[in-house]
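If you want the building blocks of each chain, they are given just below.
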Amino acid sequence: MARWLWVLPPVVVLGLVFLYPLGLVVQQSFSPESGGGAFDAYASVFASQSFREALGTTVWLAVGATAGCLVLGFALALVIAFVPFPGARAVAKFIDVFLSFPSFLITLALLFVYGTVGMANGLVTDLTGAEGPFHFLTTPWGVLLAEITYFTPFVMRPLLAAFSQLDTAQLEVAAGLGARPARIVRQVILPEALPALAAGGSLVLVMCLNEFGIVLFTGAKDVTTLPMLIYGKAILESDYSAACVVAVVNIAISVGLFGLYRVVGKRAGA
């Protein structure tokens, strides 16, 4: 009885703060304001071109950003972990701090450098008098660059933890047998890093699927992801039933991928 009394308060708080609002979202998705059947809102949203385009854009941005983060994160983690240079420990510590930065801050920094009125365009204009050539941040490729820039440390963190557990004797033996660095990376380091890569990649994939701030701050008007579609339906169009349907779909995808991340993370120990 005493244990249940200790458990009850946090369960009540969790229910009121999270589960009850989530339940309202699910209920609203099955209760269209215009009336009709329980699944009419789902049928209407699934049949709309805007939802299919938003789903496709969300998936390809998330997959592309995850692939970019895996490649870049693996390369940078290799340099930090195995290439001795002054400040390597400070860089590794900075990665931990970087994880606490909000996503819009990185996007804002990219806008200052590569935005339409950013430093790079200003420099070209000052030198040539012509308009600067950098306008890619308002395109899907700009969103992809911003997501890779922000989420790469989330891959590097578990990789650095995995590399710290790697027995350096294996590297020394491989080098002593005449193996080149590329072969050592491919046959010794990469197999040990695969669980950490899978864990970091799964986390980045989940976070990219739900990213809202980066898409909003880049000003990419032609890039509509599921979170942006929810915002548009709820705030701009006041179509709360459709917004709730998209939100339920987004939650279902995210929870499924998060479950995959937890399984992979436990196996990786990251």
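As the structure is a prediction and not an experimental result, all values here were calculated from the model.

A.B. asks: What am I meant to see in helix H7 (residues 140–164) here?
C.D. replies: Every α-helical turn comprises 3.6 residues, leaving residues that sit three or four positions apart pointing alike. Compared with the 36 Å implied by 1.5 Å per residue over 25 residues, the 36 Å span of H7 between its first and last C-alpha is a close match. At Phe151, H7 shows its strongest bend, of approximately 35°, with the proline Pro153 following within four residues.

A.B. asks: For this particular structure, what's the right way to read the packing of aromatic side chains?
C.D. replies: A ring pair, where both rings are aromatic, is described by two values, the distance of the centres and the angle of the planes. All told, the structure shown has 16 aromatic pairs when counted by the stated rule. Ring geometry for Phe46 and Phe51: centres 5.4 Å apart, planes at 35°, overall tilted. Under the relative-accessibility criterion, Phe46 is labelled partly exposed at 39%. For Phe51, a relative accessible area of 5% puts it in the buried group. Ring centres of Phe151 and Phe154 lie 5.9 Å apart, and the angle between their planes is 50°; on these two criteria the pair is classed as tilted. Taken together, the positions of Phe151 and Phe154, both in helix H7 and three residues apart, correspond to about one turn of that helix. You can call Phe154 buried: its relative accessible area is 11%. Feature note: the residues Phe94, Phe98, Phe101, Tyr150, Phe151 and Phe154 constitute an aromatic cluster, connected by ring pairs.

A.B. asks: I'm lost on the nonpolar core in this one. Help?
C.D. replies: Note on soluble globular proteins: their nonpolar side chains tend to be buried together. Of all hydrophobic cores here, the largest spans 45 residues; its most connected members are Phe151, Leu159 and Phe163. Listed by contribution, the elements that provide at least two residues to this core are helix H3 (49–82), helix H4 (88–98), helix H5 (103–114), H7, helix H8 (168–176), helix H9 (181–209) and helix H10 (213–218). With twelve residues, the top contributor of residues to this core is H7. Discounting residues that sit within four places of it in the chain, Phe151 has contacts with Cys69, Val204, Met207, Cys208, Glu211 and Ile214. Membership of the second largest hydrophobic core comes to twelve residues, among which are Phe51, Ala54, Val245 and Val248.

A.B. asks: Please clarify how the side chain of Thr218 should be interpreted in this entry.
C.D. replies: Within the fold, Thr218 resides in helix H10. With relative accessibility at 3%, the residue Thr218 sits in the buried group. A polar contact of 3.0 Å, which involves the side chain of Thr218, links it to the backbone oxygen of Val215. Every residue in contact with Thr218, bar those within four places of it in the chain, is listed here: Thr107, Leu111, Leu137, Thr138, Val143 and Ala146.

A.B. asks: How do you make sense of the confidence of the model for the chain when you look at a structure like this?
C.D. replies: Interpretation of the predicted coordinates at a detailed level should be avoided for regions scoring low in pLDDT. Here the chain averages 83 in pLDDT, and 95% of its residues register 70 or above. Mean pLDDT values for the elements of the chain range from 74 in H8 up to 91 in H3.

A.B. asks: Looking at this model, I keep getting lost on the side chain of Thr58. Mind explaining?
C.D. replies: Along the polypeptide, Thr58 turns up in helix H3. Residue Thr58 is classed as buried on the basis of its relative accessible area of 2%. Look past the residues within four positions of Thr58 in its chain and what remains in contact with it is Leu209, Thr225 and Leu226.

A.B. asks: What should I look at first to understand the pattern of salt bridges in this one?
C.D. replies: Scanning the entire structure with this criterion turns up one salt bridge. Measuring nitrogen to oxygen at the nearest pair gives 3.5 Å for the salt bridge that ties Lys233 to Glu237. Residue Lys233 is classed as buried on the basis of its relative accessible area of 16%.

A.B. asks: How should unusual backbone geometry be read in this particular structure?
C.D. replies: Among all residues except glycine, the phi angle is most often negative; among peptide bonds, the trans geometry is most common. In the Ramachandran plot, Ser238 falls in the positive-phi region, its phi being about 55° despite a non-glycine side chain. Turning to its location among the elements, Ser238 is positioned in the loop between helix H11 (226–236) and helix H12 (240–268). Judged by relative accessible area, Ser238 falls into the partly exposed class, the value being 41%.

What counts and what doesn't
Residues numbered from 1 in each chain as written. Predicted model: local features only at pLDDT ≥ 70, side-chain atom pairs only at ≥ 80, totals over all residues. Heavy atoms only, no water. Helix = DSSP H or I, 4+ residues; strand = E, 2+ residues; numbered from the N terminus. Expected span 1.5 Å × (residues − 1). Bend = angle between axes of the 7 residues up to and from the residue. Phe/Tyr/Trp six-rings, centres within 6.5 Å; stacked < 30°, edge-to-face > 60°. Buried < 20%, exposed > 50% of the residue type's maximum accessible area, 1.4 Å probe, protein only. Core = buried A, V, L, I, M, F, W, Y, C linked by side-chain atoms within 4.5 Å. Contact = heavy atoms within 4.5 Å. Polar contact = N/O pair within 3.5 Å; in protein donor to acceptor, adjacent residues only side chain to side chain. pLDDT = per-residue confidence, 0-100. Salt bridge = Lys/Arg side-chain N within 4 Å of Asp/Glu carboxyl O.

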